[in-house]
Amino acid sequence: MNIHTDPDEVPTEVDALADAFSSVQQQGWGEDDVIVLGDLNADENHLGKLGQLPGIQTAIQKKTTNTRGNRSYDNLVFDQRATTEYLGKSGVLNMMQEFQLSEKEALIVSDHLPIWAEFSAYENSYPKQMARQPNSQQVGAGRY
């Protein structure tokens, strides 16, 4: 679930995301791995009802995600009980350091830094079964 909350509506929108997250997770598709990702305009400690869901985890913690280096807005949020494929590796790409940009140059690209997290392509509870799209007929490598 890709998200960009309105900076003026963060408390209302992150609370609504809790309902959306639970609804998508329970759709009956046979897939409970749900990841909310994007610009939440809130750090991991200010996710309202979304942050209070059982098993909820954020990939980015105690790191700034904006280009100016003073705020944490972006994250990947998931239920650690269902998304066991998360490998515990995540981070923020500092464009200024990586590409030797000035702050002004980096801000031309974005006022947000790219974030990332690593997930296995294999279901942890079924090590030989590749994670896949719901109702997908394809088995093995390829689409997932």
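Preceding this paragraph is the structure being described.
Please read these numbers as outputs of a predicted model, since none were measured by experiment.

1. Re the side chain of Asp74
The residue Asp74 is located in strand S4 (residues 74–79) in this model. Of the polar contacts made by the side chain of Asp74, one reaches the side chain of His112; its length is 2.8 Å. With near-sequence residues (within four places) excluded, Asp74 lies in contact with Gly38, Asp39, Ile60, Thr65, His112, Leu113 and Ile115.

2. What about the pattern of salt bridges?
The final tally for this structure, using the stated rule, is 2 salt bridges. Among the salt bridges present, the one from Glu103 reaches Arg68, with a minimum N-O distance of 4.0 Å. With Glu103 in helix H4 (residues 103–109) and Arg68 in the loop between strand S3 (56–58) and S4, this residue pair connects regions lying 35 residues apart in the sequence. A residue is classified by how much of its surface remains accessible, and Glu103, at 36% relative accessible area, is partly exposed. A salt bridge links Arg81 to Asp79; its shortest N-O distance comes to 2.9 Å.

3. Describing the environment of Asn94
Relative to the elements of secondary structure, Asn94 occurs in the loop between strand S5 (86–92) and helix H3 (95–99). Distance from Asn94 to Ile115, taken between C-alpha atoms, is 9.2 Å for residues 21 residues apart in sequence. A polar contact of 3.0 Å, which involves the side chain of Asn94, links it to the backbone nitrogen of Met96.

4. Re the sheet that holds S3
The strand order S1-S2-S4-S3 describes an open sheet built from 4 strands, whose pairing is mixed. Across the chains shown, the open sheet's two edge strands, defined by having one partner strand only, are strand S1 (2–4) and S3. Sheet twist, expressed as the average angle between the axes of neighbouring strands with direction ignored, equals 25°. Here S3 pairs with S4 via 3 bridges, running antiparallel. Along S4, the bridge assignment pairs Ile56 with Asp79.

Quick notes on the rules
Residues numbered from 1 in each chain as written. Predicted model: local features only at pLDDT ≥ 70, side-chain atom pairs only at ≥ 80, totals over all residues. Heavy atoms only, no water. Helix = DSSP H or I, 4+ residues; strand = E, 2+ residues; numbered from the N terminus. Polar contact = N/O pair within 3.5 Å; in protein donor to acceptor, adjacent residues only side chain to side chain. Contact = heavy atoms within 4.5 Å. Salt bridge = Lys/Arg side-chain N within 4 Å of Asp/Glu carboxyl O. Buried < 20%, exposed > 50% of the residue type's maximum accessible area, 1.4 Å probe, protein only. Pairing = 2+ DSSP bridges. Axes fitted to C-alpha atoms, helices over the stretch in contact; angles between N-to-C directions.

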